[in-house]
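Observations on chain architecture
Okay, here's what each chain looks like letter by letter:
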Amino acid sequence: MGRAFGIWYTTRRALMRAARSRVAPCAVVLAACSGGGDSPSGPPGPGGATNPTERPSLPPTYRATGRAAAGDVFVQLFSWYWTDVGAECGRALGPAGYRAALVSPPQEHNIADGRPWFEVYGPVSYSIDRGRFGTRAEFVDMVQRCRESGVDIYVDAVINHMAPGSGVGSSGTTFTRYNYQPLYGPSDFHPACTLNNYQSAANVQDCELLGLPDLNTGSASVRQKIADYLIELTRLGVAGFRIDAAKHIQPVELDSIVRLVNLAATAEGRTPPYVFLEVIDPGTEAVKAVDYFGLGYASGGAADITEFNFRTVGERFRAGSGKRAGELSSFSARTWGLMAGDKAVVFLQNHDTQRFDGVDYRDGTAYRLANVWMLGQGYGYPVVMSGYAFDKATQAGRDAGPPTREASLRCAERMELAVRGEWACEHRDPWIVAMLAFRRAVAGTDAARLWDNGADAVAFSRGASGFVALNAGAVGVTASIPTALAPGAYCDLLTGGRGAAGCIGRTVTVDADQTIFITINATSAVALLSGVRP
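A brief report on the enclosed structure follows. For clarity, every value in this text was computed on a predicted model and none was experimentally measured.

Our focus in this paragraph is the nonpolar core. Among the nonpolar cores identified, the biggest contains 131 residues, and Tyr184, Ile243, Leu277, Phe310, Phe317, Trp373 and Leu470 are the most heavily contacted of them. No other element matches the 8 residues that helix H7 (residues 365-376) contributes to this core.

This part takes up the sheet that holds strand S22 (residues 524-529). If you walk across this open sheet you meet the 4 strands as S13-S14-S15-S22, and the pairing is antiparallel. Since the sheet does not close on itself, it has two edges, and those belong to strand S13 (447-452) and S22, each with one partner. Strand after strand, the sheet turns through a mean of 10° between neighbouring axes, direction not considered. Along the sheet, H7 contacts strand S14 (457-462), strand S15 (466-471) and S22; its crossing angle with S15, the most-contacted strand, is approximately 155°. Contacts from helix H9 (residues 430-441) reach S14, S15 and S22 within the one sheet, and its direction differs from that of S22 by about 35°.

Taken as a whole, the largest pocket encloses approximately 500 Å³ of empty space. What lines the largest pocket is a set of 28 residues, among which Gln377, Gly378, Tyr379, Asp446 and Ala447 lie closest to the centre. Elements with a contribution of two residues or more to the lining of the largest pocket: S13 and S14. Taken together, the residues of the lining of the largest pocket sort by class into 14 nonpolar, 10 polar and 4 charged.

What follows covers the pairing of strand S2 (residues 100-103). The alternating pattern of S2 places Ala100 and Leu102 and Ala101 and Val103 on opposite faces, both of which are buried. The pairing of strand S1 (residues 74-77) with S2 spans 4 bridges and is parallel. Following the sheet pairing, Phe74 is matched in S2 by Ala100. With helix H2 (residues 82-96) bridging S1 and its parallel neighbour S2, the resulting β-α-β unit is right-handed. The sheet contact formed by S2 and strand S5 (residues 152-157) spans 4 bridges and is parallel. Residue pairing for S5: Ala101 is matched across the bridge by Ile153.

Moving on, we come to the sheet that holds S5. Strand order around the closed barrel formed by 8 strands is S1-S2-S5-S8-S9-S10-S11-S12, with parallel pairing between neighbours. Each strand axis lies, on average, 30° off the axis of its neighbour in the sheet, ignoring direction. Two elements, S5 and strand S8 (residues 240-243), share 4 bridges in a ladder whose sense is parallel. For Ala157, the partnering residue across the bridge sits in S8 and is Ile243. Packing of H7 onto the sheet brings it into contact with strand S11 (344-346) and strand S12 (381-386), and relative to S12 it is tilted by some 160°.

This part takes up the pattern of salt bridges. Scanning the entire structure with this criterion turns up 27 salt bridges. When the shortest N-O distance is used, the salt bridge between Arg242 and Asp156 registers 2.7 Å. Within this pair, whereas Arg242 is found in strand S8, its partner Asp156 is found in strand S5, the two being separated by 86 residues in sequence. Judged by its relative accessible area of 4%, Arg242 is buried. The partner of Arg368 in a salt bridge is Glu416, with the nearest N and O atoms 2.7 Å apart. Of this pair, Arg368 sits in helix H7 while Glu416 sits in the loop between helix H8 (395-399) and H9, and the two are 48 residues apart along the sequence. For Glu416, a relative accessible area of 24% gives the class partly exposed. Because the salt bridges share partners, they merge into one network encompassing Asp156, Arg242, Asp244 and Glu278.

Reading the values: rules and limits
- Residues numbered from 1 in each chain as written.
- Predicted model: local features only at pLDDT ≥ 70, side-chain atom pairs only at ≥ 80, totals over all residues.
- Heavy atoms only, no water.
- Core = buried A, V, L, I, M, F, W, Y, C linked by side-chain atoms within 4.5 Å.
- Buried < 20%, exposed > 50% of the residue type's maximum accessible area, 1.4 Å probe, protein only.
- Helix = DSSP H or I, 4+ residues; strand = E, 2+ residues; numbered from the N terminus.
- Pairing = 2+ DSSP bridges.
- Axes fitted to C-alpha atoms, helices over the stretch in contact; angles between N-to-C directions.
- Contact = heavy atoms within 4.5 Å.
- 1 Å grid on protein atoms, 1.4 Å probe; cavity = no way out; pocket = protein on both sides within 12 Å on 5 of 7 lines; lining within 4 Å.
- Points joined across faces, edges and corners; volume = space filled by probe spheres on them.
- Nonpolar A, V, L, I, M, F, W, Y, C, P; charged D, E, K, R; others polar.
- Right-handed = clockwise from strand over helix to strand, strands pointing away.
- Salt bridge = Lys/Arg side-chain N within 4 Å of Asp/Glu carboxyl O.

Pasting the structure below:
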């Protein structure tokens, strides 16, 4: 069964890469697209039908969650053990100012051969008594410790499907395909059909994603069981959820689940949880991100959506990509074809994407610069990826699970130096931490006075509150750059900010005409705040 799950994972990632590159999925993985190829027509029934006119839709009206406007940032602690997350909240996350930590799926899962990272995305039951990352007691303690440190916990919720094959789960539950007793039986799943037509919403949302048993969320009983799982987690103090594979769940049915969770929270005097959805929308398929905009609205909640197209930002910082950082001076949701900023969760990497493409922890300063830009501008609710070192060159390396559990967490000295068995701990990087304070301080302001040198340097102001300039090139850039800051001296946040005796690192002067004459060294950056002066 572990091998079958590995084949599912490998093929699914290829499909995701195809979606990100706007290529028809079946053109990439022909073996997984039998029975209809990438043709709009396919086998009869939900496996190949185009969108029927009566298929229910969710009104797109929404209220903003407010995370982007507040200048919040959260971190994805991918595959971290519960005890380590709890300790990290007090040691680093709370003091740095992270709003929340997204943790990996806690439910009972299958045990796959070789213990790859993706085994936890194959649910066996909704028990959290014992999983890869710890016990129920350790989970509860983690949530409490993080709350005391001012850090919310978001849970990665896998509710579209169950584990393939058969076996024994992490808490001892025996299962076979379509039988996960006492939770689900065969009648709780959609009729078996192959997902092979991304031009059909019915095919994408009602058929089996590469053979994974697809839960029938059209059933009130199934929806209630999923909601009960999420409600239990909120009662334990969980503040939010990432809905894995949300694109493969019909929006009205998913909204009905979220409604149950929201109403339970309200009835018990709690705030409805924060929700964001994994929806990959390349703009060429039947299922669109806008289909999910209204999720939770009618029940007093709101939901954000992952904006996968934002990831192209990272290419502007990677040598040899053919892209230039200066191109970012034209950035806006409208010009780049992105969803509204008050709806978007943005990231440079997540646990899926970092295994295949883009700039990541291995790129060191290039990755730091990309994070400085992401956190400096005001679009979306950013999430900082924080995972472990793995071999990207081989399939076995990409599949490798996290470091073994130890008495204390082993973070690499610097993320680019991380080796197998170590955590990269990107979220602790001093530049990234400094930009958390910057983003909070400039919240509510727009990017203005945008400047670039036509190549690898770019700069912008955030109202009259802040200024960022960075150079991704191999040589220094000297220029006079306009700002919106008041004249005077400022302490660069990225070289230390202000100490008791004045600026710890670099001092930058804004002239009387609100320009800065500055040399931005190769692969470096400057970040200034109106309140951080000698």
